[in-house]
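A structural walkthrough
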Amino acid sequence: MKISTETTDNGIFCRHFELTVEDQAVPGLYWRPESSSGPRPTILVGHGGFQSKEAPNIVEMAAQFAREHGWA
């Protein structure tokens, strides 16, 4: 895994990363509460083929899971 950037905004930590799968770069985002430590439940959010993983509704849903439930 290659990490490109890590940011914090409004109590939510966000990591941009890239995995290599069968010689193809697969980008992803990881959100979690800023003040979290240790293991936590992690959920995967799909964005569909025609929407960006950084679309406002996807970002808000991920931030809500992190903020309200402490999930990553």
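Quick summary incoming for the structure in this document. (Residues numbered from 1 in each chain as written. Predicted model: local features only at pLDDT ≥ 70, side-chain atom pairs only at ≥ 80, totals over all residues. Heavy atoms only, no water.)

What follows deals with the overall build of the protein. Scanning the protein for helices and strands turns up one helix and three strands. Since a compact globule built from 72 residues should have a radius of gyration of about 11 Å, the 12 Å found for the protein is in line with a globular shape. Based on the C-alpha atoms only, the size of the protein along its principal axes is roughly 35 × 25 × 20 Å. Of all 72 residues assigned to the protein, the portion counted as buried reaches 24%. Partitioning the intrachain contacts of the protein with sequence separation of at least 6 by distance along the chain shows that 32% fall at a separation of at least 24. (Helix = DSSP H or I, 4+ residues; strand = E, 2+ residues; numbered from the N terminus. Rg over C-alpha atoms; globule rule 2.2 N^0.38 Å. Buried < 20%, exposed > 50% of the residue type's maximum accessible area, 1.4 Å probe, protein only. Contact = heavy atoms within 4.5 Å.)

Our next topic: the environment of Phe13. When you line up the elements, Phe13 lands in strand β2 (residues 12–21). Excluding anything up to four places from it in sequence, Phe13 contacts Glu6, Thr7, Thr8, Tyr30, Trp31, Arg32, Pro33 and Glu34.

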